[in-house]
Amino acid sequence: VDVFQAWCGPCKPVVNLFQKIRNEVGSNLLHFAVAEVDSTDALEQYRGQCEPVFLFYTGGELVAVVRGADAPLLQKTILKHL
């Protein structure tokens, strides 16, 4: 889940990375979403930050958090939790 604030929008540069990984591993294993923190009470702790935050869930449980658009770390985290 790409967590963002309305004033800066979702992290568009990593969309291509996500699409590439999804094509490599298959569309049934991996799902991406975006969530605006200002309209989601459960994400209140991420408000007021100027860097993108990526939340990784497996089986409905939060398993990892990556702060910043670090493409190699995002890819490593995704592949680790598949």
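What you are looking at is a predicted structure, and each value in this text was computed from that prediction instead of being measured.

1. Regarding the side chain of Gln5
So, step 1. For Gln5, the position within the fold is in the loop between β1 (2–4) and α1 (15–25).
So, step 2. Note on Gln5: relative accessible area 5%, which makes it buried.
So, step 3. A distance of 2.7 Å separates a polar atom in the side chain of Gln5 from the backbone nitrogen of Gly48.
So, step 4. For Gln5, the contacting residues outside a window of four places in its chain are Val37, Asp38, Tyr46, Arg47, Gly48 and Gln49.

2. Section: a nonpolar patch on the surface
So, step 1. Taken together, the side chains of Leu29, Leu79 and Leu82 make up a nonpolar region of the molecular surface, amounting to roughly 290 Å² of accessible area.
So, step 2. Within the element layout of this structure, Leu29 appears in the loop between α1 and β2 (34–36).
So, step 3. Here Leu29 falls in the exposed class, since its relative accessible area comes to 60%.

3. So, the nonpolar core
So, step 1. Judged by nonpolar contacts, Cys11, Val14, Leu17, Phe18, Ile21, Leu30, Phe54, Phe56, Ala64, Val66, Leu74 and Ile78 together constitute the single largest core of 12 residues.
So, step 2. The biggest single contributor to this core is α1, with three residues.
So, step 3. Setting aside chain neighbours within four positions, we find Leu30 in contact with Ile21, Arg22, Val25, Ile78 and Leu82.
So, step 4. In terms of nonpolar packing, the next biggest core, distinct from the first, is built from seven residues, Ala35, Val37, Tyr46 and Val53 among them.

4. Remarks on helix α2 (residues 71–80)
So, step 1. Listed in full, the buried residues belonging to α2 are Leu74, Thr77 and Ile78. Here the buried residues of α2 occupy an arc of 100 degrees about the axis, which is enough to place them on one side. Exposed and facing more than 90 degrees away from the buried side of α2 are Pro72, Lys76 and Lys80.
So, step 2. Lining the buried residues of α2 we find α1, β3 (53–58) and β4 (61–67).

Cut-offs applied
Residues numbered from 1 in each chain as written. Predicted model: local features only at pLDDT ≥ 70, side-chain atom pairs only at ≥ 80, totals over all residues. Heavy atoms only, no water. Helix = DSSP H or I, 4+ residues; strand = E, 2+ residues; numbered from the N terminus. Buried < 20%, exposed > 50% of the residue type's maximum accessible area, 1.4 Å probe, protein only. Polar contact = N/O pair within 3.5 Å; in protein donor to acceptor, adjacent residues only side chain to side chain. Contact = heavy atoms within 4.5 Å. Patch = residues over 30% accessible without salt bridge, like charges linked within 9 Å, V, L, I, M, F, W, Y side chains within 5 Å. Areas by Shrake-Rupley, 256 points an atom, 1.4 Å probe, with all protein chains shown as cover. Salt bridge = Lys/Arg side-chain N within 4 Å of Asp/Glu carboxyl O. Core = buried A, V, L, I, M, F, W, Y, C linked by side-chain atoms within 4.5 Å. Arc of directions from axis to C-beta.

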